[in-house]
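Coordinate analysis (summary)
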Amino acid sequence: MRVTHPVWAVLITAVAMLAQVIIGTAPVTLLLERDNVLYRPLGMIGITLASLGLVHLIRRLGRQPWRGVGLTGSRRAPLHLLLGALAGMAGMAAANALSVAVGVAAWQPWEMVTAGLPYLPLAIAFALLSQAFPEELLWRGHLFDTLSGRLTPPVVLAVVSIGFGAMHLISQSAADTPVERLLYVGQAAALGFACAAARARTGALWAAVGVHTGSHIANMLLPTRDITYGVQIVIMIATLSATGLLILAGRRRNGTAAGDGTVRTTAPPPSRR
């Protein structure tokens, strides 16, 4: 069907990424003031619900089964989420530490970090429900599955990463020059690659959600202020890309991920007649 053609699938995913934010936040924007205590919590829940609804609608139009998005109910799901978060945290923390080491960034004052610790659970929930889960559901859930039926695995990894990165041309960031904006797109693509590698590694979506969330957590716990932001972005691209490659290397070493979110580590025994 047309909606499952690779070109249309990418375009639909890009539009849905914008639509989920508009639709999800519309009720709170219309009904609540920005300083209302419920404004952000209801907004992030709304984005997640809008994403679930949009992906469900898109997949019905394409006559695709819901299980293809990779939201498995396996007992491994919490472990995948945790390991993904650790991988994302490691990749971003390495980028921040290396940026400080080479002098292109500086650590934020520790007093600022400790002042925000009481709000850390809410900040993690906001990152998870307003960005990590809904974006991963679209790109590494729906689109990854859709493209996997038509394209080779390396091409699928490239498309779901570059397409995700391209959407960040219109994203707010500290980039203030054309070169920095392009590099910022590259950094988002590198994060998308690490998340896609986690999806390919496990065969399920939870590890990808974990990687995405973990990158935000690292910036919450080890925040930096930029000195030469362009160079810092290049370092982020390198460490996040390395994170994805390491995840894929583990997949090649341990075997091919099965569709139920488990990883087959040994070959099946030969049949006996």
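Because the structure is a prediction, the values reported are computed rather than measured. (Residues numbered from 1 in each chain as written. Predicted model: local features only at pLDDT ≥ 70, side-chain atom pairs only at ≥ 80, totals over all residues. Heavy atoms only, no water.)

**Some thoughts on the side chain of T243**
Considering the arrangement of structural elements, one finds T243 in helix 9 (residues 229–254). Exposure remark for T243: the relative accessible area of 10% places this residue in the buried category. Setting aside residues no more than four positions away along its own chain, T243 makes contact with A87, G91 and A194. (Helix = DSSP H or I, 4+ residues; strand = E, 2+ residues; numbered from the N terminus. Buried < 20%, exposed > 50% of the residue type's maximum accessible area, 1.4 Å probe, protein only. Contact = heavy atoms within 4.5 Å.)

**Some remarks on the side chain of T4**
Tracing the backbone shows T4 in the segment before helix 1 (6–31). With near-sequence residues (within four places) excluded, T4 lies in contact with A9, G62, Q64, T146 and R150.

**Brief notes about the packing of aromatic side chains**
Counted by the stated rule, this structure contains two aromatic pairs. Its end group placed over the ring of F126, R40 keeps NZ or CZ at 3.9 Å from the ring centre. Residue placement shows R140 over the ring face of F164; its charged tip is 4.5 Å from the ring centre. (Phe/Tyr/Trp six-rings, centres within 6.5 Å; stacked < 30°, edge-to-face > 60°. Lys NZ or Arg CZ within 6 Å of the ring centre and 35° of its normal.)

**Description of the confidence of the model for the protein chain**
For any part of a model where pLDDT is low, the fine detail of the predicted coordinates should not be relied upon. Summary statistics for the protein chain give a mean pLDDT of 91 and a share of 91% for residues scoring 70 or more. Across the protein chain, the element-wise mean pLDDT spans from 90 in helix 9 up to 98 in helix 6 (residues 153–166). The model gives residues 255–273 a pLDDT under 50, and that stretch makes 30 contacts with residues more than four places away or in other chains. (pLDDT = per-residue confidence, 0-100.)

**Some remarks on the nonpolar core**
Judged by nonpolar contacts, the single largest core of 47 residues is most densely connected at W139, V160 and V211. Within the residue set of this core, elements represented by two or more residues are helix 1, helix 2 (39–61), helix 3 (77–102), helix 5 (120–148), helix 6, helix 7 (178–202), helix 8 (206–221) and helix 9. With 10 residues, the top contributor of residues to this core is helix 7. If sequence neighbours within four positions are ignored, W139 has contacts with T13, A14, M17, F144, V160, G163, F164 and M167. (Core = buried A, V, L, I, M, F, W, Y, C linked by side-chain atoms within 4.5 Å.)

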